[in-house]
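Listed below, chain by chain, are the residues.
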Amino acid sequence: MGSGRLYRAARASTAGMPRQFWWLWTSTLVNRLGAFVSTFLVLYLTAEQGHSASYAGLVVSLYGLGGVAGSIGGGILADRIGRRPTLLITQALSAVAVGVLGFVQHPAAIAAVAAVVGAATTGSRPAVQAMMADIVPPEDRVRAYSLNYWAINLGFAVSATAAGFVAEYSFLIGFLGEAVMTLACAVIIFVKLPESRPEHPAGTGPDSGPEPQVGMGTVLRDGRFMSLVTLSFLLALIFTQGYIGLPLAMGDSGLSPSSFGMVMALNGLLIVILQIPLTHVITHRDPRLLLVVASLLAGYGYGLTAFADSIAFYALTVAVWTLGEILSAPTQAGLVVRLSPLHGRGRYQGVHSLTWSVATLVAPLMAGQMIDRFGADWLWALCAVLGTAAAAGFWLLLRRLGEETKPGVPGGREGGAVKGAEVKSAV
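Residues numbered from 1 in each chain as written. Predicted model: local features only at pLDDT ≥ 70, side-chain atom pairs only at ≥ 80, totals over all residues. Heavy atoms only, no water.

*Asks:* Help me understand the overall build of the protein chain, please; the structure alone is not making it clear to me.
*Replies:* Scanning the protein chain from terminus to terminus reveals 18 helices and zero strands. By the burial criterion, 51% of the 427 residues in the protein chain qualify as buried. Long-range contacts, defined as pairs at least 24 residues apart, comprise 84% of the intrachain contacts of the protein chain with a sequence gap of at least 6. (Helix = DSSP H or I, 4+ residues; strand = E, 2+ residues; numbered from the N terminus. Buried < 20%, exposed > 50% of the residue type's maximum accessible area, 1.4 Å probe, protein only. Contact = heavy atoms within 4.5 Å.)

What follows is the structure, encoded as structure tokens:
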């Protein structure tokens, strides 16, 4: 793709978005530019604080458990009190907790505060996703989620690089820097973004009767949505191996940690370069095809790792599964909105975000058991199997859902009131 075509694709991918979307996008970018804890927590605990690797693993697990609670709680709050208050509360709490984490010394206190940081950080995600669905027209939502995903990765790439230099000087500055950036994100939302939660489902009003009630039980009984969550979890299990199984495999191949850093940097670089141009390509494509291709790229991209024996080969595998990530993330986010009732978007987004939180807990156990008992090659074979299963599952699920899940097609749950029986329907 020439530079002229790249420029036109980028313009087409960014044109026509509401002003509120761009303020929300800016808040995401600012938030990710300050990311420090998620990247350097283990190094801080072991190299700076002198704790054991097992203790560091425990703290990271508690951080993940906090994320599980935050996903559910943030989704409920986004629907009950609104998107804007939820974002302000979670980001203020996150800023305070991150700052405190840089000062506490007792092992129990560090573990407890890390859990609070995980809950507060994750708790804002359902509100962001729900607000984006509120303010962006249905036909532009996949594009919006793709642009937001690009901002996340751009911010992370910059912050990870800068934080590495900061950590060499002072970890405390890194913690305080993230706290300040998180507060800056909250200020942007407070000043520039009004509440977006719909007052009444489309086609109804104060005198049209009671609105449908959407609780957590409603979400969990929604068979077709939970099928999507299950398939998303399979993909999350695959993608998290980039931070668990991949460094172990590269170490066993005699490659240094810096080699792993270089290879993983390719993941962020490709997303930053390709996400916006490809957004124009995938926006109006059939989500069934996109998710099937994404699942196969993820599964077999990691499967290729079994044959890797050099930095170049490992980089090739990363490039393959990164393409799957680029296709999958915005497509799934748009699909969640299509399957969510209007007044249940926060809860639905919260449950969907659980896939990554739970995968972060399960993936280390899965990788450790597979590598210790059978060897790393079996782990990569399992990734290929999971990718194939996810591809088949997406094909069957979305074939049943048909026209309702196509981008830009009116109707579905977002377009009006949702009857109780429909909310509880199974695939």
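Additional details are given in the paragraphs that follow.
*Asks:* Help me understand the pattern of salt bridges, please; the structure alone is not making it clear to me.
*Replies:* Once the charged atoms of two side chains with opposite charge are near each other, the side chains can pair. According to the stated counting rule, one finds six salt bridges in the structure shown. Notably, a salt bridge pairs Arg83 with Asp134, separated by 2.7 Å at the nearest N-O pair. Of this pair, Arg83 sits in helix α5 (residues 83-101) while Asp134 is found in helix α7 (residues 125-135), placing the two residues 51 residues apart along the sequence. Neither Arg83 nor Asp134 differs from the other in exposure class; each is buried. As a salt-bridge pair, Asp134 and Arg345 come within 2.5 Å of each other at their nearest N and O atoms. Here Asp134 is found in helix α7, whereas its partner Arg345 is found in helix α16 (residues 345-373), with 211 residues between them in sequence. The same class applies to Asp134 and to Arg345, which are both buried. One salt-bridge network, in which partners are shared between bridges, spans Asp79, Arg83, Asp134, Arg345 and Arg347. (Salt bridge = Lys/Arg side-chain N within 4 Å of Asp/Glu carboxyl O.)

*Asks:* I would appreciate a short explanation of the nonpolar core in the present structure.
*Replies:* General note: in soluble globular proteins, nonpolar side chains tend to be found buried as a group. By size, the foremost hydrophobic cluster in this structure holds 49 residues, and its most contacted members are Phe225, Leu228, Leu246, Trp380 and Phe394. Broken down by secondary-structure element, the contributors of at least two residues to this core are α11 (223-239), α12 (245-252), α13 (257-282), α14 (287-303), α15 (311-339), α16 and α17 (376-401). One finds Ala144, Leu147, Ala151 and Ile189 within the second-largest nonpolar core, a separate group that totals 25 residues. (Core = buried A, V, L, I, M, F, W, Y, C linked by side-chain atoms within 4.5 Å.)

*Asks:* Even after reading the chapter, I still don't get the side chain of Glu178, so can you show me in this structure?
*Replies:* Within the secondary structure layout, Glu178 lies in helix α9 (residues 171-192). Apart from residues lying up to four places away in sequence, Glu178 is in contact with Gly34, Ala35, Phe36, Val37 and Val98.

*Asks:* Teacher, can you tell me more about the packing of α14 against α17 here?
*Replies:* Describing two packed helices takes the angle between their axes plus the distance from one axis to the other. The N-to-C vectors of α14 and α17 enclose an angle of 175 degrees; their axes lie 7 Å apart at closest approach. If you check the angle between α14 and α17, you find them roughly antiparallel. Of α17, the residues touching α14 (which contributes Pro287, Arg288, Leu291, Val292, Ser295, Leu296, Gly299, Tyr300, Tyr302 and Gly303) are Trp380, Cys383, Ala384, Gly387, Thr388, Ala390, Ala391, Phe394, Trp395, Leu398 and Arg399. In terms of residue class, the contact of α14 with α17 is made up of 14 nonpolar, five polar and two charged. (Axes fitted to C-alpha atoms, helices over the stretch in contact; angles between N-to-C directions. Parallel < 35°, antiparallel > 145°, perpendicular 65-115°, else oblique. Nonpolar A, V, L, I, M, F, W, Y, C, P; charged D, E, K, R; others polar.)

*Asks:* So what exactly am I meant to see when it comes to the packing of helix α2 (residues 19-33) against α9 here?
*Replies:* Direction vectors running N to C along α2 and α9 enclose 170 degrees, while the axes themselves pass 8 Å from each other. By the angle class used here, α2 and α9 are roughly antiparallel. Of the residues in α9, those touching α2 at Trp23, Thr26, Ser27, Val30, Asn31 and Leu33 are Met181, Thr182, Ala184, Cys185, Ile188, Ile189 and Lys192. Looking at the contact of α2 with α9 residue by residue, the classes come out as eight nonpolar, four polar and one charged.

*Asks:* Would you explain the packing of aromatic side chains in this entry?
*Replies:* One pair of aromatic rings is described through two measures. These are the centre distance and the angle between the planes. Under the criterion given, the structure shown has eleven aromatic pairs. Relative to Tyr348, the ring of Phe225 has its centre 4.6 Å away and its plane inclined at 55 degrees; by these criteria the two rings are tilted. Note that Phe225 is positioned in helix α11 and Tyr348 in helix α16, a separation of 123 residues in sequence. When its relative accessible area of 0% is taken as the criterion, Tyr348 is described as buried. Following the ring pairs from residue to residue traces out a cluster consisting of Phe239, Tyr302, Trp321, Trp356 and Trp380. (Phe/Tyr/Trp six-rings, centres within 6.5 Å; stacked < 30°, edge-to-face > 60°.)

*Asks:* Explain the confidence of the model for the protein chain here, please?
*Replies:* Predicted coordinates in areas of low pLDDT are best not read in detail. Residues with a pLDDT of 70 or more make up 86% of the protein chain, whose mean pLDDT is 81. Every residue in residues 408-412 is under pLDDT 50, and counting partners more than four places away or in other chains gives eight contacts. (pLDDT = per-residue confidence, 0-100.)

*Asks:* Please explain α12 as it appears in this structure.
*Replies:* In an α-helix, one turn spans 3.6 residues; hence positions three or four apart end up facing the same way. Among the residues making up α12, those that are buried are Gly245, Leu246, Ala249 and Met250. Axial view of α12: buried residues confined to an arc of 125 degrees, hence all on one face. Note on α12: the residue one or two positions beyond its end, Gly254, has a positive phi of about 85 degrees. (Arc of directions from axis to C-beta.)

*Asks:* Explain the environment of Ala35 to me, please; I cannot follow it from the model alone.
*Replies:* Inspection of the secondary structure puts Ala35 in the loop between α2 and α3 (37-48). Between the C-alpha atoms of Ala35 and Gly174, which are 139 residues apart in sequence, the distance is 8.6 Å.

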